[in-house]
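# Geometric and topological summary
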Amino acid sequence: MPTIRAVPIGVGHFLPERIVTNNELAKTVDTSDEWIKTRTGIERRHFAAEGEFTSDLAIKAAKNALKNAKISANEIDTIVLATSTPDQTFPSTATKVQAGLGMTSGFAFDIQAVCAGFAYALTTANSLIVSGQSKKVIVIGAETFSRIMDWNDRTTCVLFGDGAGAIILEAQKFEGTSKDRGILACDLSSDGKYNDLLYVDGGVSTTQTTGVLRMQGQEVFKHAVGKLAESGENAMSKAGVTSEDVDWIVPHQANLRIIKSTAKKMSVPMEKVVLTVQDHGNTSAASIPLALSVAVEKGQIVKNNLILTEAIGGGLAWGAVVFRW
Ligand code: ACO
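Residues numbered from 1 in each chain as written. Predicted model: local features only at pLDDT ≥ 70, side-chain atom pairs only at ≥ 80, totals over all residues. Heavy atoms only, no water.

## Some remarks on the environment of Thr21
By secondary structure assignment, the location of Thr21 is in strand S2 (residues 18–21). The sequence separation of Thr21 and Lys222 amounts to 201 residues, and the corresponding C-alpha distance is 27 Å. Sequence-distant contacts of Thr21, that is, excluding residues within four places in its chain, are made with Glu43, Arg44 and Arg45. Within polar-contact distance, the side chain of Thr21 engages the backbone nitrogen of Glu24 at 3.1 Å. (Helix = DSSP H or I, 4+ residues; strand = E, 2+ residues; numbered from the N terminus. Contact = heavy atoms within 4.5 Å. Polar contact = N/O pair within 3.5 Å; in protein donor to acceptor, adjacent residues only side chain to side chain.)

## Regarding the site of the ligand
Around the ligand lies a shell of 25 residues, among which Arg39, Cys115, Gln218, Asn255 and Asn282 are the nearest. Gly217 is positioned with one of its backbone polar atoms (N or O) 2.9 Å from a nitrogen atom of the ligand. In this structure, an oxygen atom belonging to the ligand sits 2.6 Å away from a side-chain N or O atom of Asn282. Considering the ligand on its own, with 1,000 Å² of exposed area, one finds that the protein chains cover 75% of that surface. The cavity where the ligand resides is the second largest pocket. Elements with a minimum of two residues in the shell around the ligand: helix H2 (33–40), helix H6 (154–157), helix H7 (217–239), helix H8 (256–265) and strand S12 (306–313). For the shell around the ligand, the class distribution of residues is twelve nonpolar, nine polar and four charged. Looking at which domains feed residues into the shell around the ligand, each of domain 1 (3–174) and domain 2 (182–324) gives three or more. (Near = heavy atom within 4 Å. Areas by Shrake-Rupley, 256 points an atom, 1.4 Å probe, with all protein chains shown as cover. 1 Å grid on protein atoms, 1.4 Å probe; cavity = no way out; pocket = protein on both sides within 12 Å on 5 of 7 lines; lining within 4 Å. Sits in = over half its atoms within 2 Å of the grid points. Nonpolar A, V, L, I, M, F, W, Y, C, P; charged D, E, K, R; others polar. Domains from an automatic or database assignment.)

## Quick notes on the sheet that holds strand S1 (residues 3–14)
Taken together, five strands build an open sheet; the order of strands is S1-S7-S6-S4-S5 and the sheet is mixed. Of all the strands in the sheet, just S1 and strand S5 (107–111) have a single pairing partner and so form its edges. Neighbour-to-neighbour, the strand axes of the sheet open up by a mean angle of 20°, direction not taken into account. Of the strand pairs in this sheet, strand S4 (residues 78–82) and S5 are connected by five bridges, and their pairing is parallel. The residue bridging Leu81 from the neighbouring strand is Asp110, located in S5. Together, S1, S4, strand S6 (136–144) and strand S7 (162–174) form the strand contacts of helix H3 (residues 54–69), whose direction differs from that of S1 by roughly 120°. Contacts from helix H5 (residues 117–130) reach S1, S4, S5, S6 and S7 within the one sheet, and its direction differs from that of S6 by about 165°. (Pairing = 2+ DSSP bridges. Axes fitted to C-alpha atoms, helices over the stretch in contact; angles between N-to-C directions.)

## Observations concerning the side chain of Lys136
Note on placement: Lys136 falls in strand S6. Judged by relative accessible area, Lys136 falls into the buried class, the value being 16%. Among the polar contacts made by the side chain of Lys136, one reaches the side chain of Glu170 at a distance of 3.0 Å. Ignoring any residue separated from it by four or fewer positions in sequence, one finds Lys136 in contact with Ile9, Ile71, Glu75, Ile76, Asp77, Thr78, Leu169 and Glu170. (Buried < 20%, exposed > 50% of the residue type's maximum accessible area, 1.4 Å probe, protein only.)

Structural measurements only, silent on function.
Following this line, the structure appears as structure tokens:
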């Protein structure tokens, strides 16, 4: 049956200029390159410059995606931006991006699902396209997590970085089979009783401050692998594919040990897993589009590849999306 699919037609990313290695961090934080690398796989991360905001990173990533798709900003009718580090409490960072791209029509809004933000944003964009509301959507993940670190908490401040990635999805008609290009299936979950495992200790309605990130790392770790693998399996089953059909897993880049255990649980070898955690650290909602863009740039991901993305973060919120490039 003819089906409308949300098909990727362009991808791009942007990383702030400043790279901070583990050794550089160890000059001001009681840590070491060896500890960070062994526990997380992270070797370096990028930090935004003073005065460089989430919207700035998002606009640059979006411009790179538009260039990659060879289309102009005015052809885009929707911006869905996943972030937990917006420029302002309101309006949305997405509307700043809309202005920054010079768009004079369409609509733009933010999505907040922390590290699972890009899976939620892709799912939302897919629904907008499949329903006929939108024709060309730019889906962005952009974060400046360096702004919500407690630099005295060595268990969290070594994990995160800043960056942005964007992909452009276009409505196209296909046969309605698992061979179609575009988004084939989405699977989202959250469980609010785990709020205390990963949160920011400030907010508009509570403290009227921004707050800093707090995490019970080992507890998050315990939930991560099982929930990610289950969501990945659900998405594959909904799409009518198996792990053998998957060309690439593009996981949320939080921790190499979580990535490896999740891939193993889903019976996907590490040669099929895109890894950028060593270079970017955990960039929350930006990590998946950043990894996608890097993998396309390197020639790893090519047209018709079947991709599984999965992510988990504060909420807890998690999810997976299966799509064909
Ligand atoms: N450098 C050196 N030593 C450290 C550091 C550091 N940066 N941080 C902690 N330690 C020490 C601790 O003090 C502790 O020392 P002690 O044994 O003398 O008390 C020891 O290392 C072990 O600490 P743990 O917290 O038990 O370390 P663990 O092995 O659990 O690793 C980590 C911590 C890396 C955070 C791990 O729990 C983890 O990866 N959890 C998952 C978190 C995650 O990936 N979150 C992201 C998903 S959600 C999202 O993306 C927002």
